[in-house]
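Working through the structure, step by step
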Amino acid sequence: MPVLTRSNRPEELFKGSNGTTIKPTLHQSRTRFLPVEFDRNGKLYAKPDPDRPAHIQDYYKLRTECLRNRTLFEDPEFLADDSSLYIPDDLSSPSPYKWLRPHEISPEAVFVSDGFSRFDIQQGELGDCWLLAAAANLTIFPVLFNRVVPEDNDAIKGGRKGVDYAGIFHFRFWRFGQWYDVVVDDRLPTYRGKLVYIKSSTQNEFWSALLEKAYAKLFGSYQALIGGSASEAMEDFTGGLTEAYDMKEVPKNLFEMIGKGCQSYAMFSCSIPAPPREMEITTAQGLVKGHAYSITKAQAVDIETPRVKGKIQLLRLRNPWGNHNEWNGAWSDKSAEWRYISEESKTALGLTFEVDGEFWMSYPDFLKYFERVEMCHLSPDCPIAQQQGRFAWKQSSFEGEWVRGSTAGGCRNFPDTFWHNPQYIVNLEDPDEDDDEQQCTMIVSLIQKNRRSKRNKGIECLTIGFAVYRVELTDLKQKPLPKSFFINQLSAAKSTFINMREVTCRFRFNPGMYVIVPSTYDPNEEGEFMIRVFSETASNMKENDSTIGVGDLESSVTDAQRMTMERLFVEVAGEDGEVDWMELKLVLDRCFREDLTNSGFSKDACRSMVAMLDDDGSGKLGLIEFQKLLTDIARWKAVFKQYDTNQSGHLNPFELRSALQSAGYTLNNHIVNMLMHRYGSKEAEIWFDDFITCAVKIRTMFDIFRARDVFKRNEAKFTLEEWIVKTIYS
């Protein structure tokens, strides 16, 4: 199984001033950001919530309070000091920067001047050209831009406090399937009265600087933005799906992919990696190393020279610095090659020759000088797709979890556990509309969630990837697919395993059904993930998992066993002729002392056992209930012994699901994951008393539900009081 390690890419790693390696990280307190939803036109659904927690910042509420009190907003969540500039480990020396509001920087300050444009943005001292490249792409699509940069943001009014200015702004970003509204004040870091970081080409315009501040807040600091990936920013700005290619291994139809992507409003970025000592060095061709460029157009243009007549493939690129640093080779501004195309073609291209960082180059030169290209495909639920009616992609997505001892099975190198990973079925029934080979395009994206927010605790990205297998209907009779299937089948495709936030691969398959198995490289590595599939025709993606159910739980009891249980009952039952949880513990600890740890069954476990059969809520068991409980425990003990083959006193990782199924309970991944979180040890082992407690809990919940599922529709109704009583007592 191939593995790549995220190492020394300059756009992904960088050195802090104290010499430590730093990477972008999602801010710890991301839950303080307000989740938002949009309609088909990209407009925000208005959902006022008077019960919203106080730590969730609501732009409209905060702005109203500031206007009422005639104060300018000061964000307590992202302070105007060094704590917002640097990550905590790099606060050894104070910065020379002063935080100023826009009208303190420019007397004629405005939020936006003469509309938004890809030429508005210029890089400052922060190494976040990847963010600039994504933001420049975003300006091309007003409906997408206004989703990230809401139109109802304040006017700044150049220092004159109008009724609509409160020094508060908000921006919206996508994170793992959810949009969040991020609120900031307009105090910005400056040096000698000038902006330190992103600035506009128009000196009195501040939307881009405030966008950068909101994005820095999302990740915890400005410094966290240094050295990121343009693909991540493009995803966070659109909710789309990204894929990347190194020029040494580009698909033969890459230019067509770029052209088709441009027609479907995809966003593109490209770069020339560089060693640390060559970062931002300009080459002889006018290109900057270690720098992210955006691709804004792809066009095959008719050309006619004295010797050649045909088409030339051209790409339009932009340097986010927005200055004279431009490509100076063939098809650059005012190069001789432009003489060979017609004026009509020049007009159709929108050709201009300005000192603005934008230039054209031929596709062969692009492949020669650039080393990496990233593209972000917009999701079908974005406003552009909704307005167009027909869109290039259909999307399916699921969220899942790798849990130690349950669903964290590792890669295919571990056949005994690989099949325990979550499995997802896609059904590609129809080939792509314009595919001559009658094949189906499918892009699979696997994102691991919330790892970067934990890096200050020493938790890095897991090494993740996935494999894809062709399946038939007969294979799917057993859910999930068993170990034998994966041992006897070769994968139809697979990704590389790498320790990055996201792994994405594009495939072309014959029509049919396929199962995708996402995993970490090694077993028993825990993490949350999101898997998405983009396809040109519907994929009907679904999780390939067990249907929850319960079998026949009745057990036969011999006369001798019945008499023994009656004797035990008489010995411990009090004067009331019933057994409470303390008396039950005495019986169980004595009967199962060889199977238990020194402390025996816990108080909570014994109470749960009583509650399972205590129909009248007395907290005690009668003889019939007592006999039934001991019978169940004896049956569960037999199952436990069956799987505890080495008599260690515990079930090994990955055995809980099978053991419970042998006990009569069919559970899916989500439930087994929760049980492992609740009852598994640090080593993902299940000890005997925990197994019995787990079985009691499952039996109780099944009984409670079935008693209320009167129409046998897998539906049960409870009042709030009834549900609280049932869940607390059981």
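Rules used throughout
By convention here, each chain's residues receive numbers from 1 onward along its written sequence. Per-residue local features of the predicted model are confined to residues with pLDDT of at least 70, and side-chain atom pairs are confined, for both listing and counting, to 80 or more; whole-chain, interface and lining totals are unaffected and use all residues. With hydrogens and water excluded, all non-hydrogen atoms of the structure serve as input to the side-chain values. Helix and strand assignments come from DSSP, with helices taken as H or I runs of at least 4 residues and strands as E runs of at least 2, each series counted from the N terminus. Each residue gets one of three labels from its accessible area relative to the maximum for its type: buried under 20%, exposed over 50%, partly exposed in between, using a 1.4 Å probe on protein chains only. The definition of a nonpolar core used throughout is a set of buried Ala, Val, Leu, Ile, Met, Phe, Trp, Tyr and Cys residues joined through side-chain atoms within 4.5 Å. Should any heavy atoms of two residues lie within 4.5 Å, those residues are counted as being in contact. Here a pair means two rings of Phe, Tyr or Trp (six-membered ring of Trp) with centres within 6.5 Å. Their orientation is stacked below 30 degrees between planes, edge-to-face above 60, and tilted elsewhere. To sit over a ring, a charge needs its Lys NZ or Arg CZ within 6 Å of the ring centre and within 35 degrees of the ring normal. Paired strands, in this sense, are two strands between which DSSP finds at least two bridges. Salt bridges are identified by distance alone: a Lys or Arg side-chain nitrogen within 4 Å of an Asp or Glu carboxyl oxygen. In this analysis, axes come from line fits to C-alpha atoms, helices being fitted only over the stretch in contact, and the angle between any two N-to-C directions falls in the range 0 to 180 degrees. Should an angle lie under 35 degrees it is considered roughly parallel, over 145 roughly antiparallel, and from 65 to 115 roughly perpendicular; all remaining angles are considered oblique. Whether a crossing is left-handed or right-handed is set by the direction in which the near helix is turned from the far one by less than a right angle, anticlockwise for left-handed and clockwise for right-handed. We call two N or O atoms a polar contact when they sit within 3.5 Å, provided that within protein one can donate a hydrogen and the other can accept it, with sequence-adjacent residues counted only if both atoms are side-chain atoms. Patch building starts from residues that exceed 30% relative accessible area and form no salt bridge, then joins like charges within 9 Å and nonpolar side chains (Val, Leu, Ile, Met, Phe, Trp, Tyr) within 5 Å. Each accessible area is a Shrake-Rupley result for a 1.4 Å probe, and residues are judged covered by the shown protein chains and nothing else.

Now for unusual backbone geometry. Cis geometry is adopted by the peptide bond preceding Pro480, which originates at Lys479 and carries an omega value of -5°. When you line up the elements, Pro480 lands in the loop between β21 (464-471) and α12 (483-488). For Asn524, which is not glycine, the phi dihedral falls at a positive 65°. Position of Asn524 among the secondary structure elements: in the loop between β25 (512-520) and β26 (527-535). Judged by its relative accessible area of 22%, Asn524 is partly exposed. Residue Lys712 is not a glycine yet carries a positive backbone phi of 55°. In this structure Lys712 comes out as exposed when scored by relative accessible area, which is 64%.

Counting residues in hydrophobic clusters, the biggest one holds 68 residues, and the most contacted among them are Phe171, Phe173, Tyr215, Tyr222 and Phe237. At the level of elements, β4 (34-36), α3 (129-138), α4 (142-148), β7 (168-175), β8 (178-185), α5 (207-219) and α6 (230-238) are the ones that each hand at least two residues to this core. It is α5 that contributes the most residues to this core, 9 residues altogether. Non-local contacts of Phe237, meaning those with residues more than four positions away in its chain, are made with Leu131, Ala134, Ala135, Leu138, Val148, Phe173, Trp179 and Tyr215.

Note on aromatic pairs: each is described by the distance of the centres and the angle between the planes. Overall, the coordinates contain 42 aromatic pairs when judged by the stated rule. A ring pair is formed by Trp331 and Trp338, whose centres lie 5.0 Å apart and whose planes are at 85°; its orientation type is edge-to-face. Residue Trp331 shares its accessibility class with Trp338, and that shared class is buried. One aromatic cluster in this structure is built from Phe255, Tyr293, Phe359, Tyr363, Phe366 and Phe370. One Lys or Arg, Arg175, reaches over the ring of Phe176 and ends 4.9 Å from the middle of that ring. The ring of Phe711 has Arg713 sitting right over it, with the charged end atom 5.0 Å from the ring centre.

The next thing to look at is the sheet that holds strand β9 (residues 188-191). Read across the open sheet, the 3 strands follow the order β5-β9-β10; overall the sheet is antiparallel. Two strands bound the open sheet, and with one partner strand each, they are β5 (98-100) and β10 (194-195).

Time to look at the pattern of salt bridges. Opposite charge on two side chains permits pairing when their charged atoms draw close. In total, this model carries 33 salt bridges according to the counting rule given. Taking the shortest distance from any N to any O, the salt bridge between Asp75 and Lys217 comes out at 2.7 Å. Highlighted residues: Asp75 in the loop between α1 (59-69) and β5 and Lys217 in helix α5, separated in sequence by 142 residues. For the pair shown, Asp75 and Lys217 are each scored as buried. Note that Lys213 is salt-bridged to Asp185, the shortest N-O span being 2.5 Å. With Lys213 in helix α5 and Asp185 in strand β8, this pair connects stretches of sequence that are 28 residues apart. The pair Lys213 / Asp185 is uniform in exposure class, with both members buried. The network of salt bridges with shared partners includes Arg175, Glu235, Asp236, Arg501 and Arg532.

Here we take up the sheet that holds strand β17 (residues 372-377). Spatial strand order, β12-β17-β13-β14-β15-β16: 6 strands in an open sheet with antiparallel pairing. One side of each edge strand has no neighbouring strand; the edge strands of this open sheet are β12 (241-246) and β16 (358-362). Ignoring which end each strand starts from, the neighbouring axes of this sheet average 35° apart. Here β12 runs beside β17; their pairing, made up of 6 bridges, is antiparallel. Its bridge partner lying in β17, Tyr245 is registered against Val373. Those strands touched by α3 are β13 (267-271), β14 (292-304) and β15 (309-318), and its axis lies near 55° from that of β14. Its contacts with the sheet place α6 against β12, β13 and β17, and it is angled at close to 10° to β17.

Our focus in this paragraph is the pairing of β16. With respect to burial, β16 is a largely interior element, 5 of its 5 residues being buried. In terms of strand pairing, β15 meets β16 through 5 bridges, oriented antiparallel. Of the residues in β16, the one forming a bridge with Leu315 is Met361.

Before going further, it helps to examine the pairing of β15. When β14 meets β15, the two strands line up antiparallel, connected through 10 bridges. Of the residues in β15, the one forming a bridge with Ser294 is Arg318. Counting the residues in the hairpin turn of β14 and β15 gives 4 residues.

In the contact formed by α3 and α6, the axes pass within 8 Å of each other and the chain directions differ by 40°. Here α3 is positioned oblique relative to α6, judged by the angle of their axes. The two elements α3 and α6 cross, and the hand of that crossing is right-handed. Facing α3, whose interface residues are Trp130, Leu131, Ala134, Ala135, Asn137 and Leu138, α6 presents Ala230, Ala233, Met234, Phe237 and Thr238.

A separate point is the side chain of Asp545. The topology assignment puts Asp545 in the loop between β27 (542-543) and β28 (549-550). When its relative accessible area of 10% is taken as the criterion, Asp545 is described as buried. Among the polar contacts made by the side chain of Asp545, one reaches the side chain of Arg657 at a distance of 2.6 Å. If we skip the residues at most four places from it in the chain, Asp545 touches Lys479, Pro480, Arg657, Asn668, Asn669 and His670.

Here we come to a nonpolar patch on the surface. A surface patch of nonpolar side chains, about 340 Å² in accessible area, is lined by Leu720, Ile724 and Ile728. Checked against the element boundaries, Ile728 lands in helix α20 (residues 720-729). You can call Ile728 exposed: its relative accessible area is 66%.

Look at helix α13 (residues 559-572) against helix α16 (residues 623-643): their axes get within 10 Å of each other, and the N-to-C directions meet at 120°. In this view, α13 runs oblique relative to α16, as classed from their interaxial angle. In this structure, the crossing between α13 and α16 has a hand that is right-handed. On α16, the residues that touch Arg562, Met565, Glu566, Leu568 and Phe569 of α13 are Leu623, Phe626, Gln627, Leu630 and Thr631.

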